[in-house]
Amino acid sequence: MREFLVRSGKLFVAIAATWAIGASLYIFFSPVSVRGVTDVMLRDSSVVAETFVREQSWYEAQGLWGISWLFFFGAFYLVAARVAWRDNQISLGVMSVTAVALSIVTGFSIGGAYLPAALSLFIGSLMFVSSRLLRK
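Presented here is an overview of the structure given in this document. All figures in this text were calculated on a predicted structure; none of them were measured in a lab.

1. Brief notes about the pairing of strand β1 (residues 32–41)
Line of reasoning, step 1. When β1 meets strand β2 (residues 47–56), the two strands line up antiparallel, connected through ten bridges. Bridge pairing in β2 links G36 to F52.
Line of reasoning, step 2. Between β1 and the antiparallel strand that follows it, β2, lie five residues; S45 among them carries a positive phi value of about 65°.

Quick look at the structure:
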């Protein structure tokens, strides 16, 4: 039973890392719609408002800062997978709680894409802890 929990935990962590990398690539390559309003003042002092919609890349919309966050999220889950393969349950538990917290905090921007990965990492971490409790 213990071996099954460890293998299943590693599978859940691998799924989380794969999902996070996929979410980063999806966000990076998806176009972002930008809506705006401009106003033009005419000679008779009247103002005309014009609206526009434009498609931008993630880099154009967010800049280097946005790309660094995508890289951070992807790298975080890859490090979690490495920690799981090295069988360090305490670090994995801390990382899984941190991943869930980061997904909730960034939920209105990119965190929603990473929430399934965070939950998968959390489930994998619980499986590792369960296997450790069975050993005792």
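What follows picks up the thread again.
2. Section: helix α3 (residues 89–105)
Line of reasoning, step 1. The terminal C-alpha atoms of α3 lie 24 Å apart, and with 17 residues this matches the ideal 24 Å at 1.5 Å per residue to within 8%.
Line of reasoning, step 2. When we look at burial in α3, the residues that qualify are Q89, L92, G93, M95, S96, A99, V100 and S103. One side of α3 carries all its buried residues, which in axial view fall inside an arc of 165°. Among the exposed residues of α3, those oriented more than 90 degrees off its buried face are I90, V94 and V105.

3. Quick look at the layout of surface pockets
Line of reasoning, step 1. Considering only enclosed or pocket space, the largest pocket measures out at about 160 Å³ in volume.
Line of reasoning, step 2. I21, S24, L25, F28, I67, L70, F71, G74, A75 and L78 are the residues that line the largest pocket.
Line of reasoning, step 3. Contributions of two or more residues to the lining of the largest pocket are made by α1 (2–29) and α2 (58–85).
Line of reasoning, step 4. Here the lining of the largest pocket takes six residues from α2, the largest share from any one element.
Line of reasoning, step 5. Split into classes, the residues belonging to the lining of the largest pocket amount to eight nonpolar, two polar and no charged.

What counts, and at which threshold
- Residues numbered from 1 in each chain as written.
- Predicted model: local features only at pLDDT ≥ 70, side-chain atom pairs only at ≥ 80, totals over all residues.
- Heavy atoms only, no water.
- Pairing = 2+ DSSP bridges.
- Helix = DSSP H or I, 4+ residues; strand = E, 2+ residues; numbered from the N terminus.
- Expected span 1.5 Å × (residues − 1).
- Buried < 20%, exposed > 50% of the residue type's maximum accessible area, 1.4 Å probe, protein only.
- Arc of directions from axis to C-beta.
- 1 Å grid on protein atoms, 1.4 Å probe; cavity = no way out; pocket = protein on both sides within 12 Å on 5 of 7 lines; lining within 4 Å.
- Points joined across faces, edges and corners; volume = space filled by probe spheres on them.
- Nonpolar A, V, L, I, M, F, W, Y, C, P; charged D, E, K, R; others polar.

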